[in-house]
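Topology and contacts: notes
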Amino acid sequence: MTLSHFWPTKEQVEQLEVPAYDEEVAADLYEQNEGYLAKISTSSLHHARQQLSRLRVKTSVLTRFVAWFQTFMLAVLSYGPTPQHLSFIMDGNRRYAKRLGQPVKEGHKAGGAKLIDILYICKRLNVNSVSAYAFSIENFNRSPAEVDTLMGLLGYYIDQFTQRATDARDDLYGIKLKIAGDMSYLSGDLVAKIRKAEELTRNGTQFTLYLALPYTSRNDIAHAMKVSVENCVNSNADITEEALTQNMYFEKHSDKCDLLIRTSGHTRLSDYMLWQVHENGILEFSDCLWPDYGFWRLYFTMLKWSFYNTWQQASLNWDNEQQQKEYTNNNNNASGGGKHNNNSSWFPALSDLMPGPVSPFRKTKGISLESLPPAPLAVTVVDRK
């Protein structure tokens, strides 16, 4: 279900007696959803719970139930582990507009509105930071008209993020906005708008949004190397992996991305997060276009990540326990003159020989020879034939 089922008409919005701020927001939201673009948003959280309640629009019982149920499911999921750094490659905006027979600009507008909708869900799940691949340096190779359109929309949505982050009535109040990328490619007006937005939201501590623009991983690594070399020359600092990480655009989150989601069906990184996705970072590729990426797709992706993370942690704890057992048994064997002190039994308990829970994400460790009890001094074989 989408907002197209109960979105107010333009005449209804004009008749509402609400403050000027709400009228402006209502007009913006109406414009974004005009021409069946209402599909960009779910009926949950921000839009159903907040914007529509402000506009005093009557919603159906089913809509209220869906919003309540989604909120309840988020509360359940929030009790488990959630990624601290969640990132999106927002791909498919142009194909979305083409599918609806709309100009490319409408697809990008739908993608920006979808990111706002996703942020409300992530904040409710206690995700610490969200990053989004908003504009690649390679995108400057597109037509000048499309680049100008994208730059205008980026400025518009930066204003939207700032407005919500500084409005105490909004669920995104307190969000911190940071731009990750080489801003030498941007116009002076857009850079000034970015600096102003970062200054207005710099005190945000609960949630950080990183917009990667203009960005590529190669540029990020080259930038980090340049800064590290300058520090080496000026202060005789070493150029280490840690130094490179600290000098990247994503600041404290430059060392790791817990979950990276790419939409539209392509299974490539497009020069994004090449340094950050390592160790236990998970890549998730979705076939749907970015404006279609709704509540339930994100929910089940987060549920799968939470399950994997819990299983992985349990397996790690089991490995640590087994290593501790092996260390204790070896010490006991050494102090007992080679005799196995376990209730005078020559054989270990069956549970001590089991390789532990089988994880589909890693190879099962074998049994080391050192963990076995001492071999018997003599063996008698009886032929019963």
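Everything quoted here is computed from the prediction, not taken from an experiment.

**What about the overall build of the protein?**
- Counting secondary structure elements, the protein contains 12 helices and six strands.
- With 385 residues in all, the protein has 45% of them scored as buried.

**Some words on the pairing of strand S2 (residues 129-133)**
- Burial within S2 is extensive, with five of its five residues counted as buried.
- Side chains Ser 129, Ser 131 and Tyr 133 project from S2 onto one buried face, and the interleaved Val 130 and Ala 132 project onto a second face that is buried too.
- Across five bridges, strand S1 (residues 85-89) lies against S2 in parallel orientation. Following the sheet pairing, His 85 is matched in S2 by Ser 129.
- Here five bridges tie S2 to strand S4 (residues 207-212), and the two strands are oriented parallel to one another. Across the sheet, residue Ala 132 finds its bridge partner in S4, namely Leu 211.

**Re a nonpolar patch on the surface**
- Taken together, the side chains of Leu 62, Phe 65, Trp 68, Phe 69, Phe 72, Val 76, Trp 296, Phe 300 and Leu 303 make up a nonpolar region of the molecular surface, amounting to roughly 900 Å² of accessible area.
- Among the elements of the structure, helix H4 (61-77) and helix H11 (295-335) are those that each provide at least two residues to the nonpolar patch.
- With six residues, the single largest contributor to the nonpolar patch is H4.
- Take Val 76: it is sitting in helix H4.

**Overview of the confidence of the model for the protein**
- On average, the protein scores 78 in pLDDT, and the residues at 70 or more come to 73%.
- Confidence drops under a pLDDT of 50 for residues 12-49, and excluding neighbours within four residues, the segment shows 95 contacts in the predicted structure.
- A low-confidence stretch, residues 338-363 stays under pLDDT 50, and its non-local contacts, those more than four residues away or across chains, total 33 contacts.

**Section: the packing of aromatic side chains**
- Counted according to the given criterion, the structure contains 22 aromatic pairs.
- For the ring pair Tyr 215 and Phe 250, a centre distance of 5.4 Å and an interplane angle of 70° mean the geometry is edge-to-face. Of this pair, Tyr 215 sits in the loop between S4 and helix H9 (217-235) while Phe 250 sits in the loop between helix H10 (241-246) and strand S5 (259-262), placing them 35 residues apart in sequence.
- According to the relative accessible area criterion, Tyr 215 is buried, its value standing at 1%.

**Considerations on the nonpolar core**
- By size, the foremost hydrophobic cluster in this structure holds 51 residues, and its most contacted members are Leu 86, Phe 88, Leu 119, Cys 122, Leu 211 and Leu 298.
- Discounting chain neighbours no more than four positions away, the residues touching Leu 298 are Leu 86, Phe 88, Ile 118, Ile 121, Cys 122, Ile 261 and Tyr 293.
- By size, the runner-up hydrophobic cluster in this structure holds 13 residues, among which are Ile 89, Ala 180, Tyr 249 and Phe 250.

**Re helix H8 (residues 188-200)**
- The first and last C-alpha atoms of H8 sit 18 Å apart over 13 residues, in line with the 18 Å expected at 1.5 Å per residue.
- Along H8, the residues that are buried comprise Leu 190, Val 191, Ile 194, Ala 197 and Glu 198. Across the axial projection of H8, the buried residues extend over an arc of 125°, all falling on one side. Among the exposed residues of H8, those oriented more than 90 degrees off its buried face are Gly 188, Asp 189 and Lys 196.
- If you follow the buried residues of H8, they end up packed against helix H7 (144-165) and strand S3 (175-180).

**So, the environment of Ala 180**
- Residue placement: Ala 180 occurs in strand S3.
- Ala 180 gets classed as buried once you look at its relative accessible area, which sits at 0%.
- C-alpha of Ala 180 to C-alpha of Tyr 215: the two residues are 35 residues apart in sequence and 7.0 Å apart in space.
- Residue contacts for Ala 180: discarding those within four places in its chain leaves Leu 211, Ala 212, Leu 213, Tyr 215, Tyr 249 and Phe 250.

**Observations regarding the sheet that holds S5**
- Pairing is parallel in the open sheet, where six strands are placed in the order S3-S4-S2-S1-S5-S6. In the strand order of this sheet, the two ends are held by S3 and strand S6 (282-285), each with one partner. Put simply, the sheet's adjacent strands are angled 20° from each other on average, direction ignored.
- For S3 and S4, the ladder comprises six bridges, and the chain directions are parallel. Across the sheet, residue Lys 176 finds its bridge partner in S4, namely Thr 208.
- Helix-sheet contacts for helix H6 (residues 104-124) involve S1, S2, S3 and S4, and the interaxial angle to S4 is about 150°.

**Quick word on the pairing of S1**
- Counting buried positions over the five residues of S1 gives five, a clear majority of the element.
- Sheet topology places S1 next to S5; four bridges connect them, and they run parallel. Looking at S5, one finds that Leu 86 is bridged to Leu 259.

Criteria and cut-off values
Numbers given for residues are sequential positions, taken from 1 along each chain in its written order. Given that the model is predicted, a residue must reach a pLDDT of at least 70 before its local features are reported, and side-chain atom pairs must reach 80 or more before they are shown or counted; all residues, however, enter totals for whole chains, interfaces and linings. Working from all heavy atoms in the structure, the side-chain values ignore hydrogens and water. Secondary structure elements follow DSSP: runs of H or I of four or more residues count as helices, runs of E of two or more count as strands, with numbering from the N terminus. Burial classification: accessible surface area is computed with a 1.4 Å probe over protein chains only, and a residue below 20% of its type maximum counts as buried, one above 50% as exposed, and the rest as partly exposed. Here, any two strands with at least 2 DSSP bridges between them count as paired. Residues qualify for a patch when their relative accessible area is over 30% and they have no salt bridge, like charges being joined within 9 Å and the nonpolar side chains of Val, Leu, Ile, Met, Phe, Trp and Tyr within 5 Å. Every accessible area reported is derived by Shrake-Rupley at a probe size of 1.4 Å, with residue values counting cover from the shown protein chains alone. A carboxyl oxygen of Asp or Glu within 4 Å of a side-chain nitrogen of Lys or Arg is what we treat as a salt bridge. pLDDT gives the predictor's per-residue confidence on a scale running from 0 to 100. Contacts: residue pairs with any heavy atoms within 4.5 Å of one another. In this analysis, rings of Phe, Tyr and Trp, with Trp reduced to its six-membered ring, are considered paired at centre separations within 6.5 Å, and the interplanar angle assigns stacked below 30 degrees, edge-to-face beyond 60, and tilted for intermediate values. Take the buried residues of types Ala, Val, Leu, Ile, Met, Phe, Trp, Tyr and Cys, join any two whose side-chain atoms come within 4.5 Å, and each joined set is a nonpolar core. Helices are assigned an expected span. That span is 1.5 Å times one less than the residue count. The reported arc concerns the directions from the helix axis to the C-beta atoms and nothing else. Note on geometry: axes are lines fitted to C-alpha atoms, helical ones only across the stretch in contact, with angles between N-to-C directions running from 0 to 180 degrees.

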